Amino acid sequence: NALPASATIPYIAGPPVQIGTDLMFDASLFEPLPYTSAIADGCTHVLVLASRPRGRYRNPPSVFERWAIGSKLEKLSSDAATAFHDRADSYRHTINLLTQNSEHPEAAPPYSYLVQPNSCDTEISQLERKKEKLILGAISGMRAVFSLFDPDARLSYFEVLTPLDRKGQLPRAR
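Residues numbered from 1 in each chain as written. Predicted model: local features only at pLDDT ≥ 70, side-chain atom pairs only at ≥ 80, totals over all residues. Heavy atoms only, no water.

Draft legend 1. Layout of the overall build of the chain. A tally of regular secondary structure across the chain gives six helices and four strands. In the chain, buried positions account for 30% of the 174 residues. Sequence-distant contacts in the chain: of pairs separated by 6 or more residues, those separated by 24 or more amount to 56%. When the accessible surface of the chain is totalled, it reaches about 11900 Å², and 55% of it is carbon and sulfur. (Helix = DSSP H or I, 4+ residues; strand = E, 2+ residues; numbered from the N terminus. Buried < 20%, exposed > 50% of the residue type's maximum accessible area, 1.4 Å probe, protein only. Contact = heavy atoms within 4.5 Å. Areas by Shrake-Rupley, 256 points an atom, 1.4 Å probe, with all protein chains shown as cover.)

Draft legend 2. Up close: the packing of helix 3 (residues 63-76) against helix 4 (residues 78-103). Packing of helix 3 against helix 4 leaves a shortest axis separation of 7 Å and a crossing angle of 155 degrees. As the angle between them shows, helix 3 and helix 4 are arranged roughly antiparallel. In this structure, helix 3 contributes Glu-65, Arg-66, Ile-69, Gly-70, Leu-73 and Glu-74 to the contact, and helix 4 contributes Ser-78, Ala-80, Ala-81, Phe-84 and His-85. A class-by-class count of the residues in the contact of helix 3 with helix 4 yields five nonpolar, three polar and three charged. (Axes fitted to C-alpha atoms, helices over the stretch in contact; angles between N-to-C directions. Parallel < 35°, antiparallel > 145°, perpendicular 65-115°, else oblique. Nonpolar A, V, L, I, M, F, W, Y, C, P; charged D, E, K, R; others polar.)

Draft legend 3. Spatial organisation of the environment of Leu-23. Mapped onto the elements, Leu-23 comes out in strand 2 (residues 22-24). A relative accessible area of 36% means that Leu-23 is categorised as partly exposed. As a C-alpha pair, Leu-23 and Leu-76 span 53 residues in sequence and 8.4 Å in three-dimensional space. Once residues within four sequence positions are removed from consideration, Leu-23 is found in contact with Pro-16, Val-17, Gln-18 and Leu-76.

Draft legend 4. Structural context of helix 4. Taking 1.5 Å as the rise per residue, helix 4 with 26 residues should run 38 Å; its terminal C-alpha atoms sit 36 Å apart, in good agreement. Its maximal kink placed at Asp-86, helix 4 deviates by approximately 60 degrees. Those residues of helix 4 not exposed but buried are Ala-80, Ala-81, Ala-83, Phe-84, Arg-87, Ala-88, Tyr-91, Thr-94, Ile-95, Leu-98 and Ser-102. Buried-residue contacts for helix 4 involve helix 2 (35-40), strand 3 (45-49), helix 3 and strand 4 (111-115). (Expected span 1.5 Å × (residues − 1). Bend = angle between axes of the 7 residues up to and from the residue.)

Draft legend 5. The packing of aromatic side chains, seen in detail. One pass over the full model with this rule turns up two aromatic pairs. Seen from their ring centres, Phe-64 and Trp-67 are 5.9 Å apart, and the 45 degrees between their planes marks the pair as tilted. Highlighted residues: Phe-64 and Trp-67, both in helix 3, separated by three residues, approximately one helical turn. With respect to class, Phe-64 is no different from Trp-67; both count as exposed. Positioned above the aromatic ring of Trp-67 is the side chain of Lys-72, whose terminal nitrogen or guanidinium carbon lies 5.3 Å from the ring centre. Seen from the ring of Tyr-57, Arg-92 lies directly overhead, with NZ or CZ sitting 3.8 Å from the centre. (Phe/Tyr/Trp six-rings, centres within 6.5 Å; stacked < 30°, edge-to-face > 60°. Lys NZ or Arg CZ within 6 Å of the ring centre and 35° of its normal.)

Draft legend 6. Spotlight on helix 3. With 14 residues, helix 3 extends 19 Å between its outermost C-alpha atoms, agreeing within 8% with the 20 Å of an ideal straight helix rising 1.5 Å per residue. At Gly-70, helix 3 shows its largest bend, some 30 degrees. Among the residues of helix 3, those classed as buried are Ala-68, Ile-69, Gly-70 and Leu-73. In this fold, the buried residues of helix 3 make contact with helix 4.

Here it is as structure tokens:
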């Protein structure tokens, strides 16, 4: 039951899952990046792979989302409703904390580093289904990871394996 609960955001991706007497939701509703949970569990080194490009944050819920989702969450759990309304601020706070920690790696443990795609790379919608765009998003993430481990590389290893055309697009399948 825990696996279905981990993908449940009420009214977006199914109802909450009941385990014992508790209603379970996707953890991103309460903690957009599980950094603080990792630290609370005793991790001393945390590598956070964020899917949003640098400088792009989660948007606050729209009026429609507050009405359609927030009001229904309120009936299930006031904590879930509050977390839903505060997700954008929580995400921004966590990203800013991780950015600060990444820029000052000499600080005391826990050590953390944030890896994000470049802001000039293609942004992928949460509901994106086009294979080409999803692959470009994956390439952007791989570039970010490679640049972390080899910042002086002029050409990432992944670019050697996946050639892009002059516009930075994947070649069309023939």
